[in-house]
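Each chain, letter by letter, is given below.
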Amino acid sequence: MNLRVAFTYMILALCLMSCAPVQWDMRVSKNADLVWPPPPNPAKAQYLGEITSFVPTGKSLATVIFGKSTKDGRIMKPVSLAVASDGRIAIADLQAIGVHLYIPGSQSYRLINRTSKHKLISPVSVAFDDNLTLFVSDSNLRKVFMYDPKGDYIGEITGPGGAKKFSRPTGLVYVAQNDSLYVVDTLANEIDVFDHTGKFKFNFGRRGIGDGEFNMPTHIAANASHLLVNDAMNFRAQTFAQTGRFLDKFGHHGDGSGDFAMAKGVAIDRWGVVYVAETLFDVVQLFDMSGEYLMSIGGKGTAPGQFWMPSGLFIDRYNKLYVCDTYNKRVQLFQLLHIGTGGGQ
């Protein structure tokens, strides 16, 4: 009788353990103290560390019975990243063929790798709206997929509407103040704009070399007043008002500091400083809004603060710069200080 009772309690305990969600941590390591520019110049950016994986901290039923741990969420080929208002992070990973979604509040993690009907093929960009809806662009499936705060599929955007579909959707950014999701359609050479439900609002751009025209645009970013678009094959960046009105442009092809050779991710901070990931040079270049080159972060290598073909960039509300260090299989973090001409911090 006692053995039966003990066995019953053991089964109950195992069932409770199997039902309890496994908690996860984001693995962040810091192996160096680095600043840019180097002393004695005033620091403008400080190295904070690198994210390499998401790892379970608890034990699952499989761990208890078989001694096997839950598969970790290794970052393998990160190309885009977004941080939501509650601190959750999404990382598009081309080698994992999915999106790492980590929610620090609940210490939960999942790899989003499918819709209701299809597996993702080429997730290249991510963005959150204020309701914590996650948008994922898949350039090969030619759609933007929508996921609820738990990471469950809830819908998709196929294009501007009618017979017109996306040709190759890539960069995404959401701007809360006008409830607009901006989608770069690289092959169509335009930016399509939707509200948070996926309803089409307007678009702008066409193929060309003139102001407001594009040649294979890829990445997009925004701050409170500007949109910034990487006009990749015109080897320049263009800035627009949130209405799509052209404001300015800068950049030219070359192999020197401040030149564009194989630019990818872009970002703008609250002080109006522009960040451009230059994949060929393995640096992040900094410019003011007029296009004047300020400095670079990084350099080719695998050490902390160095890059191997960096791509997506993101700046969060705490002025932290996230760099998708794609072929080093990590995301590097930097604390940004005031880089404006007025100095200070």
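Each value, and the rule that gives it
Residues numbered from 1 in each chain as written. Predicted model: local features only at pLDDT ≥ 70, side-chain atom pairs only at ≥ 80, totals over all residues. Heavy atoms only, no water. Phe/Tyr/Trp six-rings, centres within 6.5 Å; stacked < 30°, edge-to-face > 60°. Helix = DSSP H or I, 4+ residues; strand = E, 2+ residues; numbered from the N terminus. Buried < 20%, exposed > 50% of the residue type's maximum accessible area, 1.4 Å probe, protein only. Polar contact = N/O pair within 3.5 Å; in protein donor to acceptor, adjacent residues only side chain to side chain. Contact = heavy atoms within 4.5 Å. Pairing = 2+ DSSP bridges. Axes fitted to C-alpha atoms, helices over the stretch in contact; angles between N-to-C directions.

## As for the packing of aromatic side chains
According to the stated counting rule, one finds 19 aromatic pairs in the structure shown. Seen in terms of ring centroids, Phe 54 and Tyr 109 are 5.2 Å apart; in terms of plane orientation they differ by 20°. Their pairing is stacked. Of the two residues, Phe 54 is situated in strand β3 (residues 45-56) and Tyr 109 in strand β8 (residues 108-112); the sequence distance between them amounts to 55 residues. The same class applies to Phe 54 as to Tyr 109, namely buried.

## So, the side chain of Glu 213
Structurally, Glu 213 is set in the loop between β16 (200-204) and β17 (217-222). Of the polar contacts made by the side chain of Glu 213, one reaches the backbone nitrogen of Gly 210; its length is 2.8 Å. In this view, Glu 213 contacts Arg 206, Arg 207, Gly 208, Asp 231, Asn 234, Arg 236 and Gln 238; residues no more than four positions away in its chain are not counted.

## Digging into unusual backbone geometry
Of the consecutive residues Trp 36 and Pro 37, the connecting peptide bond is found in the cis state with omega at -15°. The step from Pro 39 to Pro 40 runs through a cis peptide bond, and the omega angle for that step is 10°. Tracing the sequence through the fold places Pro 40 in the loop between β2 (35-36) and β3. With a phi close to 60°, Arg 142 is a non-glycine residue in the positive phi region.

## Details of the sheet that holds β16
Taken in spatial order, the 4 strands make up an open sheet running β13-β14-β15-β16, and their pairing is antiparallel. Here the strands that pair on one side only, and so sit at the sheet edges, are β13 (169-175) and β16. Adjacent strand axes in the sheet meet at a mean angle of 20° when their direction is disregarded. Relative to strand β15 (residues 190-194), strand β14 (residues 180-185) runs antiparallel, the two being bridged by 5 bridges. The partner of Val 183 across the bridge, within β15, is Asp 192.

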